[in-house]
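Letter by letter, the chains look like this.
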Amino acid sequence: QGLDTRVMSGKKKKKSFLDDLSQEISSKNEDSGINDSPSLLSTSGGNQESQSINLPSNRFTNLLASAGAPLVSIPYRVDDIQQVKRFLSKTLSSDGSVLDEFQEGLGRHLEDVDNLKQSLSATIATDLTNHQDSLIRILLSIDCLQPFLMNHLLEKIPVHQDDVQDVLGNNIPKMILNQLRWLDNVVDGGTLATNLVQMMPVCSVGIQREIITSLPDIVDDQSHEVIVETLEALMNENKDLTIQILDALSNLSLNADLKNQFRDTVLKGFESFHLNALPVAIRFVLQSITSGEASKVISELRSNINVNTLRIQGLTREEKDEKRDIETLVLETINAGLRFNKDIMQAFLKIITAIDKADQHKEIDIWVLLVIYSLGNKKPVELLFRKKITHAQFTEALIKSAINSHAGALNQYFRSILSLAEMMLRSPEPVVRSFGGIVYSTIFFEFSENYHRQEVLGGLVTHIGSGSNAEVETAIDTLLFLVKEKPMGVVPFTVFIKGILDYIFQLEDSQIRKAFQIFSALAFVDEMTSGVGDELSILIRKQLSHSSIQNKRIGIIGAVATIKRMGAPIGDEHIEARNRDIQAQMDLVLQHCKNSKTCLCFYYDELSAVISATGLHRDLLTSIKDYLELNWTNIYVDTNTSSESDCLWFDLNESDERVAIKIYPMLAPEANPSRDELLCLPAGLRLLLATTWRGEQSLSEYTVLLTSPLDMFDRGDLQANHDDSEKDAFCLSFFYALNWFRELFNAFSRISNFEPQVTKHLLTRLENMLEVEKQMDEILVKFPTFIPPTTSHKQIQLKFPVKEAKKKKAKDKDDQNEEEEKRTSLEDWMPYMSVLRPHLRELDPAALTILATCISIEESQESERQDRPEIIEFPIPTLRYLVQDLLFKLKIILAPKKRVVFLPTVQKNQNQNLQILNNQTPTEILQSLQPVFAALPVHLERICSKIAELGDEAGESDTDCHLVPCMLMIFNCFETFFSWEEFGADHPENHKLLRETLHKITRVSNRKELLPLSQLRHDTFTYFKSFVKSPPDILSGVQYIHLLTSIFGKEDHVIPQSIKVELSEISGRFLKKHWTPKAEHVSHLLKDYINFSVKPIDVVEELVTKVLADFVDEEKEKDENEFFTLTTSTFPAYFKITLDQLNEIFSKLVAKDKDAVIASGAPAHLIKVQRIIDTFSSLLKLVLGSHETQTIVTTILKEGKIFVEKFFQLMPLLNAIFTDYNASCRDILKSLRECTRKLQYTCQQAKHHRHATLASVVPAVKKTLETLIYKVKMVAEANQCLQLIETEIMQNQNLEGVVMASQFPEENKTNKRKGKKKERTRTTRTRGRRASC
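Chemist: How would you summarise the overall build of the protein if you had to cite specific residues and measurements?
Modeler: Looking only at helices and strands, the protein features 60 helices and 10 strands. Counted over contacts in the protein with a minimum sequence separation of 6, partners at least 24 positions apart contribute 74%. Accessible area of the protein: about 63600 Å², with a carbon and sulfur share of 49%.

Structure follows, in structure tokens:
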């Protein structure tokens, strides 16, 4: 009411105050022009007019003189201010007429501009040393005079609003406002506030700014609320006053309601504010936040701040500087708010953490996290970054948008950004490491100062020397990217990059290649000034001339890197000079490697990779080809071979030419050869054919090499007894023969699609490879100490499965299971060669397209898949060999990125021999394999039809034994392809590749356009579902289910519900087949059967009450619909998966929000809980007493503990609805009591097993059960029904299961030492007591 009274009184006075202002302004205008009277400030006649108008009354001057303030000098002199105040206050307050005369004289005195300025200026004392308060300030301290003087001064402000400022920037309005500030006492604060508010509309914008800025210093605290409404209206009308209004409001004392009201207005107007007002608005909002409303206000503030409006791209220099200053002020404002209010910091962290979608994050989130990180709260920010990046919620686009074009504002946070990048790059998570590389490159491009770039490059070099393989890989990739994208920006810091040379011996070959790519790029980007070229040349010569193979390999990699760089396309005028330099470099390598076949082979392979990838000038290719034809051909090709020799193997020559490849003659013990004598045979062939193909010449002239036989030994020699040197020679011959065939396959597969005869020879060579591998596998059994030669400086130690095979044979007791394993195993086919095969020369992924080689295209209108070409019918062993290699490559290139958990320095890349694979990206490889994926379904159809024809006889012959493993591997190939994590929703750039491949698999003749991805997935699922009857055993059934599941991605939640139902039906059908089951396979099928069903609880209930119950009941007859995979050996697996899935169902149920459950209907929820608890109790009842094996008991204890802990999450809901649904809640607790009793019994029975695992589980289970009792009692006590809960003492048993005597004394037993015995037994009772709910 008081506030309303003051506001009303202000409104009543508004008219008179404005009238006075209007009269004052009009009178000034009349004096200045209308009556042609001289101005008050004019020089002629102005002084006389001024003296006549401003002649003070005697009472005014006499009182001031009597008080000690005579107006006789300029500036005015006042000796004792306090004496003047006391005298005037006493005199004026005692007589009203004197006060009126004094006010009249004061008013006339202030009419003169000069007098007004002097009165507003500081007075001086007699000693002329100190400046004191002005005359106006002294008079304002007199209470009876203050209202009149304030009103008179305020009237002067609009009159003099156009006055020119003096040298100090002051004018009369500013001087008046300064006098009104910080008064010791304000007599009528409400009137003052009202007058100030009424005066502002008639003032100019500049004076309004001054008034608004002065308001907190002028108006007393009781009157602050009066001006809020006016300020709000002014801010809505004129956005130019926003900064001053918000600044003033920040210093006003407002009640909570007014503050919240104005804060809401500010939040809603963020988008319309000028950029200059943004920092002030943020500061006002942050300062007005209380702890209770922090989250809500911060959420609104965050949604209204748009960092993109501060971008400086495309602006003028002045605009850029202005926006850069605004960005800096915004960050400083946020910094201050977070530093002094921890609630705001926690609210920001909470809100950012709660966001679970990438598109909902904004650039301001990154800025706020950087501010929090800089304030010392590093741990929560680092954890939040890891979580967000791992879940793809912080994206590359977001981090670039937050940093790009904001370098000026983020300059003070550079160290924080760099520290976060270092943390990310050291993370064990692959996606976080990649994100760290993105941050490094982003800040390098954005921060252009030398200091910043030096820190970035120095940090990357430090990471390269860390010794952690994953960290080194990411860091060196990032550095190579920077060199390629901005070489001139890296050149000034080559002295730091040279630090990589200190760690060069710790790097792997692929990393060394990248390091030399960096050095060669820097060497040739600025040859005149960088000086890197000379140092690189010296380093290469030094390494090549070293006697160590490791050093020579480093020199070869460096030399080939410089050859690749110099061979890049340039102007024609430099070709000859560059060619000479390249030729000199190649001659240098050959000179230092000619005596080492290992190094020469490595050089051939490195040079072949460069030529195949980028090529060289035609003259250089011709020079390399001539060298190989002169040297390589004379060493390894025999042109004078007799066709009647028994030592020629695999002769496909139909002409009279007798050309053979020398292998065994160069390895025979009598020749005393070196073991690496033939390393250059396949490497030279690869280089020769690569130069021919890159030189755009036909490979037809070398087809003689494809058909030429191998000069080996007599086949009969393998049956004789030989010493170790002869066995080693045989193994080496087979090893080099396999490498020769593999390189032939790689080279001539390029032209197999165009020359059917070449395709025929390649298929024959594949069969020859299989024959050689089979013979080598047999000889390795007799010579398991064989060590294959390699181009590496480290010797390979093979671990052949000698001991493992014996153990396996000793442990196999079931003949049927052994036959099943032989029929379906993927590793038992040539087990010794499976160990050696990774050390052979790799097959080019492009060579596997022979699987799609077609010999005719049959157009058939009746065929559903009309445009699918007829594929060559490969022999099944050959098909298995190629599919196995395809699967091996897919597992490597599409393997999920693993987390580095421990000892990163020990983890090395296992794919060192896969240079062709490592030189291509996964996307490039999959693109080249599209024809293979299109052909695999045809091969799969043929295999499945043969399996169906053979039935149970499949696998009995030498050829048919490959059918099932080949089918399994094709299933696995498709599953690996579909499950690639880069096909996820967060990688849309790969969706086109996936759609094209699915289109090829599901293609029909009249469909050429690409369908949506979801439709293609459904079509693919429908196609593969047609093979549902093909799996002949449980292993292939499990792999088939995995294939169907992977079509829709890795996550279960992306699989449509209709597809889940079909998957559940197929899994249930497989569980009922007459297959020889294994526990691990049954577990997979049973989990899918339950998890993919429409109502998992119904399936679990059926399994418990019917399937498992019938199995336990031995007297019950078997049913046709029985699960035949449920046997004595698989019963523990059935029990464990059923109990585990029941816990999963219960977990999803109790995770629902309490309020949501109450709103949607608590009774239905309680019924579901009751069903789950009853099912859990029935499941325990099935096994307790009849199947109490150690495995079963362990499962009960572990899963039972989880079940009870999940029930803890239900307690808040029970507490909230216990009164309304008392009967249902009591039934639930009663059912739970039966479960806890069974768990207590199981804990007691666990003593009989005396096993360490059980001993470690039992205490935790008992503690959980005791916690349950207390929680149930708390619910009962909260609902005033504690009498419903009883506890009883459980009987204790010894290790033999015998009930022990009670430890409690009889109550009726009398004893003289009764008191002491009670005290002693009380302690015993505490130890031996076991309570049950």
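Chemist: Requested: an account of helix H35 (residues 680-694), with residues and values cited.
Modeler: Between its first and last C-alpha, H35 extends 20 Å over 15 residues, near the 21 Å set by a 1.5 Å rise per residue. Most of H35 is tucked away, with 13 of its 15 residues classed as buried. One or two positions beyond H35, positive phi appears at glutamate 696, with a value near 60 degrees.

Chemist: Which residues make up the pattern of salt bridges, and what values go with them?
Modeler: Scanning the entire structure with this criterion turns up 25 salt bridges. Arginine 1233 is the partner of glutamate 1234 in a salt bridge, and the nearest nitrogen-oxygen pair spans 4.0 Å. Counted as one network, the salt bridges with shared partners bring together Asp605, Arg686, Glu743 and Arg841.

Chemist: Give me the lowdown on the packing of helix H14 (residues 256-268) against helix H15 (residues 278-287), citing residues and values where you can.
Modeler: Remark: H14 packs on H15, axes separated minimally by 10 Å, with the N-to-C direction vectors making an angle of 145 degrees. For the pair H14 and H15, the crossing hand works out as left-handed. Where H14 abuts H15, its residues Phe262, Arg263, Val266 and Leu267 lie against Ala281, Phe284 and Val285. Per-class residue counts for the contact of H14 with H15 are six nonpolar, no polar and one charged.

Chemist: Explain the sheet that holds strand E5 (residues 660-662) to me, and be specific about the residues and the numbers.
Modeler: An order of E3-E5-E6-E4 is seen for the four strands of this open sheet, with the pairing classed as mixed. Looking at which strands have only one partner, the edges of the open sheet turn out to be strand E3 (637-638) and strand E4 (648-649). Note: E4 against strand E6 (residues 710-711), two bridges, orientation antiparallel. Its bridge partner being in E6, tryptophan 649 is matched across the sheet by leucine 710.

Chemist: Account for helix H53 (residues 1131-1150), naming residues and giving values.
Modeler: For H53, built from 20 residues, the straight-helix expectation of 28 Å at 1.5 Å per residue is met to within 8% by its first-to-last C-alpha distance of 29 Å. Among the 20 residues of H53, 14 are classified as buried, and the element is accordingly described as predominantly covered.

Chemist: Got a sec to walk through the confidence of the model for the protein? Specific residues and values, please.
Modeler: Within the protein, residue pLDDT values average 80, and 81% of them lie at 70 or more. Per-element confidence in the protein is highest for helix H23 (residues 414-425), whose mean pLDDT is 95, and lowest for helix H2 (residues 46-53), whose mean pLDDT is 33. Scored below 50 in pLDDT, residues 1-19 makes 20 contacts in the model with residues more than four places away or belonging to other chains. Across residues 1302-1333 the pLDDT falls below 50, and counting only partners more than four positions away or on other chains, this stretch makes 32 contacts in the model.

Chemist: If you had to explain the packing of helix H19 (residues 363-374) against helix H20 (residues 378-390) to someone new, which residues and values would you point to?
Modeler: At a minimum axis distance of 8 Å, the contact between H19 and H20 shows a crossing angle of 145 degrees. By crossing handedness, the relation of H19 to H20 is classed as left-handed. Contact with H19, carried on its side by Ile366, Leu369, Ile372 and Tyr373, involves Lys378, Val381, Glu382, Leu384 and Phe385 of H20 and no other residues of that element. Of the residues in the contact of H19 with H20, the class split is seven nonpolar, no polar and two charged.

Chemist: I'd love a proper account of the environment of leucine 890, names of residues and values included.
Modeler: Relative to the elements of secondary structure, leucine 890 occurs in helix H42 (residues 876-893). Judged by its relative accessible area of 0%, leucine 890 is buried. In this structure, leucine 890 is in contact with Ala895, Leu926, Leu929, Phe933, Cys973 and Thr976, ignoring residues within four places of it in sequence.

Chemist: How would you sum up the packing of aromatic side chains? Please name residues and give values.
Modeler: With the rule as written, the count across this model stands at 40 aromatic pairs. Relative to phenylalanine 650, the ring of tryptophan 649 has its centre 5.8 Å away and its plane inclined at 85 degrees; by these criteria the two rings are edge-to-face. Put simply, the rings of Phe933, Phe974, Phe977, Phe978, Trp980, Phe983, Tyr1023, Phe1024 and Phe1027 touch in pairs and so form one group of aromatic residues. Between arginine 553 and the ring centre of phenylalanine 602, over which it is positioned, the NZ or CZ distance is 4.1 Å.

Chemist: Summarise the nonpolar core; cite the residues concerned and give the values.
Modeler: Note on soluble globular proteins: their nonpolar side chains tend to be buried together. Ranked by size, the top nonpolar core spans 402 residues in total, and within it Phe748, Met776, Phe1024 and Phe1207 carry the most contacts. Looking at this core element by element, the count peaks at 15 residues for helix H37 (residues 724-748). Those residues in contact with phenylalanine 748 that lie beyond four places of it in its chain are Leu689, Leu699, Tyr702, Thr703, Leu706, Val758 and Leu762.

Chemist: How would you explain the side chain of glutamine 1141 if you had to name every residue and give the values?
Modeler: Relative to the helices and strands, glutamine 1141 is located in helix H53. On the basis of relative accessible area, glutamine 1141 is assigned to the buried category, the value being 5%. Once you skip the residues sitting within four places of it in the chain, glutamine 1141 turns out to touch Lys1087, Ile1090 and Asn1091.

Chemist: Any details on the environment of threonine 230? Residues and values, ideally.
Modeler: Along the chain, threonine 230 turns up in helix H12 (residues 228-237). For the pair threonine 230 and methionine 200, spaced 30 residues apart in the sequence, the C-alpha separation amounts to 9.3 Å.

Criteria and thresholds
- Residues numbered from 1 in each chain as written.
- Predicted model: local features only at pLDDT ≥ 70, side-chain atom pairs only at ≥ 80, totals over all residues.
- Heavy atoms only, no water.
- Helix = DSSP H or I, 4+ residues; strand = E, 2+ residues; numbered from the N terminus.
- Contact = heavy atoms within 4.5 Å.
- Areas by Shrake-Rupley, 256 points an atom, 1.4 Å probe, with all protein chains shown as cover.
- Expected span 1.5 Å × (residues − 1).
- Buried < 20%, exposed > 50% of the residue type's maximum accessible area, 1.4 Å probe, protein only.
- Salt bridge = Lys/Arg side-chain N within 4 Å of Asp/Glu carboxyl O.
- Axes fitted to C-alpha atoms, helices over the stretch in contact; angles between N-to-C directions.
- Left-handed = near helix turned anticlockwise from the far one by under 90°.
- Nonpolar A, V, L, I, M, F, W, Y, C, P; charged D, E, K, R; others polar.
- Pairing = 2+ DSSP bridges.
- pLDDT = per-residue confidence, 0-100.
- Phe/Tyr/Trp six-rings, centres within 6.5 Å; stacked < 30°, edge-to-face > 60°.
- Lys NZ or Arg CZ within 6 Å of the ring centre and 35° of its normal.
- Core = buried A, V, L, I, M, F, W, Y, C linked by side-chain atoms within 4.5 Å.

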